[in-house]
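Reading the structure
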Amino acid sequence: MSNNATIHSSENPFESMMSRFDEAARIIGLDDASYNVLKSPQKTVIVNIPVTMDDGKVRVFEGFRVVHNANLGPSKGGIRYSMDVNLDEVKALAAWMTWKCAVVGIPYGGAKGGIKCNPRELSKSELERLTRSYTDLMVTVFGPDKDIPAPDMGTGQQEMAWIMDEYSKLVGHSSPAVVTGKPLVLGGSLGRVEATGRGVMVSTRSALSKLGINPVGTTCAVQGFGNVGSISAKLLQMQGMKVLAISDVSGGYYNPDGINVEEAIAYRDNNSGTLEGYKGGKKINNEELLELDVTVLVPAAMEDQITHENADKIKAKLIVEGANGPTSANADEILNKKGIMIIPDILANAGGVTVSYFEWVQNRLGYFWTEERVYRRADRVMKQSFEAVYQASQKYKISMRIAAYVVAISKVAEVEKLRGKFGI
Ligand code: NAD
């Protein structure tokens, strides 16, 4: 592997990603050329998006799209609306998408986009103008055979519908396959909303089985109660697990007898999307939730929640990463020493992109699958991918995280070589 590879130790998401990439590259003996190609994104687009606000004033928003790698197929990745969006974060998220698609064996490369904005402060019409203008500026980047966005934090089905409509207008024909995560009536897939949480549940079951732990009665805590967290919590509870705590931006809620997850979801849905004021558990904070004495911990909110500062206090035996990048590279070392098994983001939350791929396939076929078929195929992908990563971890005697990178980087590097994209 390259002499250029340095050991990164910072907690920044891009550095965290690179430090795992470096370690996996060393293990597989990745050559210098492949290392240098794969460490950098293929394309980085930064745009300034002028939007006329409801009061008539013009505001300019910064937007990004990073295509990390498109060797395995068109690049795929969500669009995030948040005030924390920055180029380093988008670059890390784009690279994770490359590795994630490779781990689960779907024919996509990796990308990510974002707009630095607070979607909760914008009216629906402002959000629509922002999303359409971003699409206009990205029309040469996006495309069903080029780069396919999806929802991420702060975006959902409505934004995907606007992107699909704007893109279709610009190219002069209906193009549903340009985005995934669309509403069902507009070509979305059955099972997409549940897909990431369902993959988290399937991965948890696979991991518990390797650890020889029966899920029934096993305790867990889930951080984040949005799409991924709430559905993971619900499905884990349906497997007989006891969800002792849940949390969102309003804080954590702990009940030693188990949270009634269905009830908590209904409460959130009738309470402007937050758990604020939820009475089904004692109020704790997000740090306390992470440090609870539970068997399984599912961080499903955001990056860098488990760092070198709190890793030593984690008591769970198994961490299943619903969020992207919730554990920093420095924390990995501490958790590994404690013997905690981590199912990494690029495997654990890949159920979402897998069903996004199924949505794209159905759009191109013009034929839609039943929910049962979507679940069956997605569950199979998740189980087989888990097993492949587990086998690599046994073969090289490495953590599941580095094993997932080993599987992914080997695949992307092999394709890079076969396609011969090193220039002539
Ligand atoms: P979401 O916006 O639906 O939910 C995010 C949740 O996290 C909300 O409940 C929010 O209140 C909570 N939250 C935010 N900051 C928090 C904090 N500091 N402490 C505790 N909770 C906090 O987002 P989502 O789609 O569920 O995504 C969550 C994570 O999963 C992100 O990292 C995202 O990139 C990743 N992910 C999502 C999908 C998907 O299909 N939605 C797929 C793969 C990965």
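Rules and cut-offs
- Residues numbered from 1 in each chain as written.
- Predicted model: local features only at pLDDT ≥ 70, side-chain atom pairs only at ≥ 80, totals over all residues.
- Heavy atoms only, no water.
- Axes fitted to C-alpha atoms, helices over the stretch in contact; angles between N-to-C directions.
- Helix = DSSP H or I, 4+ residues; strand = E, 2+ residues; numbered from the N terminus.
- Parallel < 35°, antiparallel > 145°, perpendicular 65-115°, else oblique.
- Left-handed = near helix turned anticlockwise from the far one by under 90°.
- Contact = heavy atoms within 4.5 Å.
- Nonpolar A, V, L, I, M, F, W, Y, C, P; charged D, E, K, R; others polar.
- Salt bridge = Lys/Arg side-chain N within 4 Å of Asp/Glu carboxyl O.
- Buried < 20%, exposed > 50% of the residue type's maximum accessible area, 1.4 Å probe, protein only.
- Domains from an automatic or database assignment.
- Buried area = accessible area lost by both parts, 1.4 Å probe.
- Polar contact = N/O pair within 3.5 Å; in protein donor to acceptor, adjacent residues only side chain to side chain.
- Near = heavy atom within 4 Å.
- Pairing = 2+ DSSP bridges.
- Core = buried A, V, L, I, M, F, W, Y, C linked by side-chain atoms within 4.5 Å.
- Phe/Tyr/Trp six-rings, centres within 6.5 Å; stacked < 30°, edge-to-face > 60°.
- Lys NZ or Arg CZ within 6 Å of the ring centre and 35° of its normal.

1. Let's talk about the packing of helix 6 (residues 192-211) against helix 13 (residues 371-396)
Close contact between helix 6 and helix 13 brings their axes to 10 Å; oriented N to C, the two are set at 45 degrees. As the angle between them shows, helix 6 and helix 13 are arranged oblique. Considering the relative orientation of helix 6 and helix 13, their crossing is right-handed. Where helix 6 approaches helix 13, its residues Glu194, Arg198, Gly199, Val202, Ser203, Ser206, Ala207 and Lys210 are matched on the opposing element by Tyr375, Asp379, Met382, Lys383, Phe386, Glu387 and Tyr390. Residues that form the contact of helix 6 with helix 13 fall into these classes: six nonpolar, three polar and six charged.

2. Side note on the environment of threonine 196
Relative to the helices and strands, threonine 196 is located in helix 6. Between the alpha carbons of threonine 196 and isoleucine 231 there is a distance of 8.1 Å; along the sequence they are 35 residues apart. Those residues in contact with threonine 196, other than ones at most four positions away along the chain, are Asn227, Val228, Ala348, Asn349, Gly351 and Gly352.

3. Structural notes on the pattern of salt bridges
Tallied over the full model, the rule gives 22 salt bridges. Notably, a salt bridge pairs lysine 169 with glutamate 166, separated by 3.8 Å at the nearest N-O pair. Within this pair, lysine 169 and its partner glutamate 166 are both found in helix 5 (residues 157-171), separated by three residues, close to a single helical turn. Among the residues examined, lysine 169 registers a relative accessible area of 55% and is labelled exposed. Residue arginine 268 is joined to aspartate 269 by a salt bridge in which the shortest nitrogen-to-oxygen separation is 3.0 Å. Overlapping salt bridges bring together Arg20, Glu321, Asp332, Asp345 and Arg401 as one network.

4. Thoughts on the environment of lysine 91
Structurally, lysine 91 is set in helix 3 (residues 87-103). As for lysine 91 and phenylalanine 14, which are separated by 77 residues in sequence, their C-alpha atoms are 6.6 Å apart.

5. Examining the domain arrangement of the protein
The domain architecture assigned to the protein consists of domain 1 (42-175) and domain 2 (191-424). Taking only C-alpha atoms, the centre of domain 1 and the centre of domain 2 are 23 Å apart. Across the domain 1 to domain 2 interface the summed buried area is about 2,500 Å²; carbon plus sulfur atoms make up 63%. Interface area lost by domain 1 to domain 2 is led by Asn71, Lys100 and Val103, which between them contribute 26%. On inspection of domain 1 and its partner domain 2, the count reaches two salt bridges. The residue arginine 80 makes a salt bridge to glutamate 303 at a minimum N-O spacing of 2.8 Å. In this assembly, domain 1 and domain 2 are joined by nine residue pairs in polar contact (both at pLDDT 80 or more). Contributions of two or more residues to the side of domain 1 that touches domain 2 are made by strand 3 (75-82), helix 3 and strand 5 (147-151).

6. Details of the site of the ligand
The immediate surroundings of the ligand are formed by 22 residues, with Asp152, Thr196, Asn227, Val228 and Asn324 found nearest. In the environment of the ligand, a nitrogen atom lies 3.1 Å from a nitrogen or oxygen atom belonging to the side chain of asparagine 286. Residues of the shell around the ligand, tallied by class, amount to eight nonpolar, 10 polar and four charged. There are two domains that each give the shell around the ligand at least three residues, and those are domain 1 (42-175) and domain 2 (191-424).

7. Describing the sheet that holds strand 3
The strands that make up a sheet are held in pairs by hydrogen bonds between backbone atoms, and each pair lies either parallel or antiparallel. If you walk across this open sheet you meet the five strands as 1-2-4-3-5, and the pairing is mixed. Each of the sheet's edge strands pairs with one partner strand only, and the pair in question is strand 1 (43-52) and strand 5. Between one strand axis and the next, the sheet turns through 25 degrees on average, direction left out of account. Across the face of the sheet, helix 4 (residues 124-137) comes into contact with strand 1, strand 2 (58-69), strand 3 and strand 4 (109-116) while running at roughly 140 degrees to strand 1.

8. Quick notes on the nonpolar core
One finds Met17, Phe21, Trp99, Ile246 and Ile343 to be the most contacted residues of the largest nonpolar core, which totals 86 residues. In terms of residue count, the dominant contributor to this core is helix 14 (residues 400-419) (12 residues). Looking at which domains feed residues into this core, each of domain 1 (42-175) and domain 2 (191-424) supplies at least three. Apart from residues lying up to four places away in sequence, isoleucine 246 is in contact with Val222, Phe225, Gly251, Gly252, Tyr253, Ile259, Ala264, Leu275, Tyr278 and Leu289.

9. Considering the packing of aromatic side chains
For any two aromatic rings, the description comes down to two numbers: the centre-to-centre distance and the angle of the planes. Inspection of the entire model under this criterion finds 11 aromatic pairs. With centroids separated by 5.6 Å and ring planes inclined at 85 degrees, the aromatic side chains of tyrosine 108 and tyrosine 357 adopt a geometry described as edge-to-face. Here the residue tyrosine 108 occupies a position in the loop between helix 3 and strand 4, and tyrosine 357 occupies one in helix 12 (residues 351-365), the gap between them amounting to 249 residues. Measuring from centroid to centroid gives 5.7 Å for tyrosine 253 and tyrosine 278, while their planes differ by 80 degrees, and the two rings are edge-to-face. Of this pair, tyrosine 253 sits in strand 8 (residues 251-254) while tyrosine 278 sits in the loop between helix 8 (261-269) and strand 9 (282-284), placing them 25 residues apart in sequence. In this pair, the class of tyrosine 253 matches that of tyrosine 278, namely buried. Members of the aromatic cluster, joined through ring pairs, are Tyr108, Tyr357, Phe358, Trp360 and Trp369. Above the plane of the ring of phenylalanine 14 lies lysine 91, whose end atom (NZ or CZ) is 4.6 Å from the centre. Across from the ring centre of tryptophan 369, 4.6 Å away, lies the NZ or CZ of arginine 377, which sits over that ring.

10. Brief notes about the pairing of strand 5
Extensive coverage of strand 5 is indicated by the burial of four of its five residues. For strand 3 and strand 5, the ladder comprises five bridges, and the chain directions are parallel. Residue pairing in the sheet places serine 75 in a bridge with aspartate 147 of strand 5.

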